[in-house]
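Letter by letter, the chains look like this.
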Amino acid sequence: MKSEFIVLGEGAYGVVLHVKHASRRYHVAVPSRAWNRIKHDHRSREDIVIAVLASPHARHLADIELAVYPDWLNTAAFFVPKTIREPWLGDLREDRKRMVAAGCSRRTILWATLTQIVLLLLHAAHHTLLRIICAVTRHAG
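Predicted model only: the values in this text are computed from it and were never measured.

Caption draft 1: Inspection of a nonpolar patch on the surface at higher detail. Nonpolar side chains collect at one region of the surface, where Trp72, Leu110, Trp111 and Leu114 lie side by side and expose about 400 Å² of accessible area between them. Ranked by residues supplied to the nonpolar patch, first place goes to helix 5 (residues 106-140) with three residues. Assignment of secondary structure puts Leu114 in helix 5. Residue class for Leu114 comes out partly exposed when judged on its relative accessible area of 35%.

Written out as structure tokens, the structure is:
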């Protein structure tokens, strides 16, 4: 896999990078002085990633693939009947893991999760309404 990086933020004290290297993803903080020295060496992006990861000044903020966040979805899943939990929440959990592996922000993952839950509720409400209408029209006719 090709090594890449994306600058997530730059401030007075340094730079936060999202780094992809050897099929792993990291968030790394690099002090401004070290970042300027690495960045201005006219290296390839792959060499910059290797230099950042080897730098004694860099701090690994998170190993994204191994990061475990307190997950409200897993906690809420205990209150959902198993007939709904298995097909719907299993797929939703897989989507969330894929988004984390792709480097999406927590806010993006939250919005995607909430959107899918709202669509699931609308789908369930639609089918419930259809069942009620069908039951009423059968008894009326």
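Caption draft 2: Region of interest: the side chain of Arg96. Topologically, Arg96 is positioned in helix 4 (residues 82-101). On the accessibility criterion, Arg96 (14% relative accessible area) is buried. Of the polar contacts made by the side chain of Arg96, one reaches the side chain of Thr113; its length is 2.7 Å. Those residues in contact with Arg96, other than ones at most four positions away along the chain, are Asp71, Trp72, Leu73, Ile109 and Thr113.

Caption draft 3: Spatial organisation of the side chain of Thr113. By the element assignment, Thr113 lies in helix 5. Given a relative accessible area of 1%, Thr113 falls into the buried group. Of the polar contacts made by the side chain of Thr113, one reaches the backbone oxygen of Ile109; its length is 2.8 Å. In contact with Thr113, not counting residues within four places along its chain, are Trp72, Leu92 and Arg96.

Caption draft 4: Broad picture of the pattern of salt bridges. Enumeration according to the criterion identifies two salt bridges in this entry. Across the pair Arg98 and Glu94 runs a salt bridge, and its minimum N-O distance is 4.0 Å. A residue pair is termed a helical-turn pair when its members lie 3 or 4 positions apart in one helix, as Arg98 and Glu94 do in helix 4 at four residues. What makes Glu94 partly exposed here is its relative accessible area of 44%. Two residues, Arg98 and Asp95, come together in a salt bridge whose shortest N-O distance is 2.9 Å. Of this pair, Arg98 and Asp95 are both found in helix 4, three residues apart, which corresponds to roughly one turn of the helix. Note on Asp95: relative accessible area 24%, which makes it partly exposed. One network of salt bridges, with partners in common, ties together Glu94, Asp95 and Arg98.

What counts as what
Residues numbered from 1 in each chain as written. Predicted model: local features only at pLDDT ≥ 70, side-chain atom pairs only at ≥ 80, totals over all residues. Heavy atoms only, no water. Patch = residues over 30% accessible without salt bridge, like charges linked within 9 Å, V, L, I, M, F, W, Y side chains within 5 Å. Areas by Shrake-Rupley, 256 points an atom, 1.4 Å probe, with all protein chains shown as cover. Salt bridge = Lys/Arg side-chain N within 4 Å of Asp/Glu carboxyl O. Helix = DSSP H or I, 4+ residues; strand = E, 2+ residues; numbered from the N terminus. Buried < 20%, exposed > 50% of the residue type's maximum accessible area, 1.4 Å probe, protein only. Polar contact = N/O pair within 3.5 Å; in protein donor to acceptor, adjacent residues only side chain to side chain. Contact = heavy atoms within 4.5 Å.

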